[in-house]
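# Inside the fold
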Amino acid sequence: MASFCSERTVEYMLVPRIVSILEKHFDTVIPLFSYATREFTKLSKNLHSKDNFQVIALFPRRPKVSDTGEAGISIFYGLDEFQIITQSLGVPVVSGSIDASNLWELAKHENFVWFNMSQFIEEAYITPISSIYRNTPEAIYSENALIELAKSSRCITFSELVEIAKQGRMKLGHHRYGPRYRPVYLLLKSY
């Protein structure tokens, strides 16, 4: 095993950081981890039926430690198809990780890395983050690029988000405990 933490641990670090970045442009940023039996119920759809907002999808990626001890990431298959579907419907996708090779490095904000996985070129099972900066810098979003990405997202309704999430989820696949990966949707509003 090449990882020392789960996607959920990384998510706890990434979500507050991306919210603070997006709040530089948007008045309201709400992270939504969707469940069909909670956030996407009939009640929730009715409560939010008149709302229009923009949204981006965030996939936290756990850092892995390469043979040389460097922090890196690996590809997860299905994201490319998810990204094609959601982006065609106006919802951009970003993956986030932390250039960390132990738990204590997770807290360093300068280590946060935001990826455009459609530009990512896999070099090995674990591609060191330093190698991505060096060889495919176009696969890394700056904070300003994240804001521009969010601003480029289409204004949608809550019912549209439910449908987009459903279509994307079908492409991500399942294992015996449910969906293998789930994005955090960041709902964005300006007044």
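In the block above lies the structure referred to throughout.
A brief structural summary. (Residues numbered from 1 in each chain as written. Predicted model: local features only at pLDDT ≥ 70, side-chain atom pairs only at ≥ 80, totals over all residues. Heavy atoms only, no water.)

### A few points about the pattern of salt bridges
Using the following cut-off: For salt bridges, the criterion is a side-chain nitrogen of Lys or Arg within 4 Å of an Asp or Glu carboxyl oxygen. We count a stretch as a helix when DSSP gives it H or I for four or more residues in a row; a strand needs E for two or more, and each element gets its number in order from the N terminus. When a residue's accessible area, from a 1.4 Å probe over protein chains only, is under 20% of the maximum for its type it is buried; when over 50% it is exposed; and in between it is partly exposed.
Applying the stated criterion to the full structure yields eight salt bridges. Notably, a salt bridge pairs E7 with R62, separated by 3.2 Å at the nearest N-O pair. Of the two residues, E7 is situated in helix 1 (residues 7-22) and R62 in the loop between strand 2 (52-60) and strand 3 (64-65); the sequence distance between them amounts to 55 residues. Residue R62 is classed as buried on the basis of its relative accessible area, which comes to 18%. Between K151 and E148 there is a salt bridge, with the nearest N and O atoms lying 3.1 Å from each other. Here K151 pairs with E148, and both are found in helix 5 (residues 143-151), just three residues apart, close to one helical turn. By relative accessible area, K151 is classed as partly exposed at 36%. What emerges from the salt-bridge pattern is a single network uniting E7, R61 and R62.

### Quick notes on the packing of helix 1 against helix 5
Convention followed: The axes used here are C-alpha line fits, helices contributing only the stretch in contact, and every angle between their N-to-C directions lies in the interval 0 to 180 degrees. What sets the label is the angle itself: under 35 degrees gives roughly parallel, over 145 gives roughly antiparallel, 65 to 115 gives roughly perpendicular, and the rest give oblique. Here a residue-residue contact requires only that any non-hydrogen atoms of the pair lie within 4.5 Å.
Packing of helix 1 against helix 5 leaves a shortest axis separation of 9 Å and a crossing angle of 75°. In terms of orientation, helix 1 lies roughly perpendicular with respect to helix 5. Residues R17, I18, I21 and L22 of helix 1 lie in contact with helix 5, whose contacting residues are E143, L146, I147 and A150.

### What about the packing of aromatic side chains?
How we decide: Pairing of aromatic rings covers Phe, Tyr and Trp, the last counted by its six-membered ring, and requires centre-to-centre distances within 6.5 Å; plane angles under 30 degrees mean stacked, over 60 mean edge-to-face, and any other angle means tilted. Whether a charge sits over a ring depends on NZ of Lys or CZ of Arg being within 6 Å of the ring centre and within 35 degrees of the ring normal.
Inspection of every chain in the model, using the stated rule, returns three aromatic pairs. Where F59 meets F82, the ring centres are 5.0 Å apart and the plane angle is 90°; that geometry is what we call edge-to-face. In this pair, F59 sits in strand 2 while F82 sits in helix 3 (residues 79-88), placing the two residues 23 residues apart along the sequence. Comparing F59 with F82, the two get one shared label, buried. Here R8 stacks its cationic end above the ring of F33, 4.7 Å away from the centre of that ring.

That is the geometry; function is a separate question.
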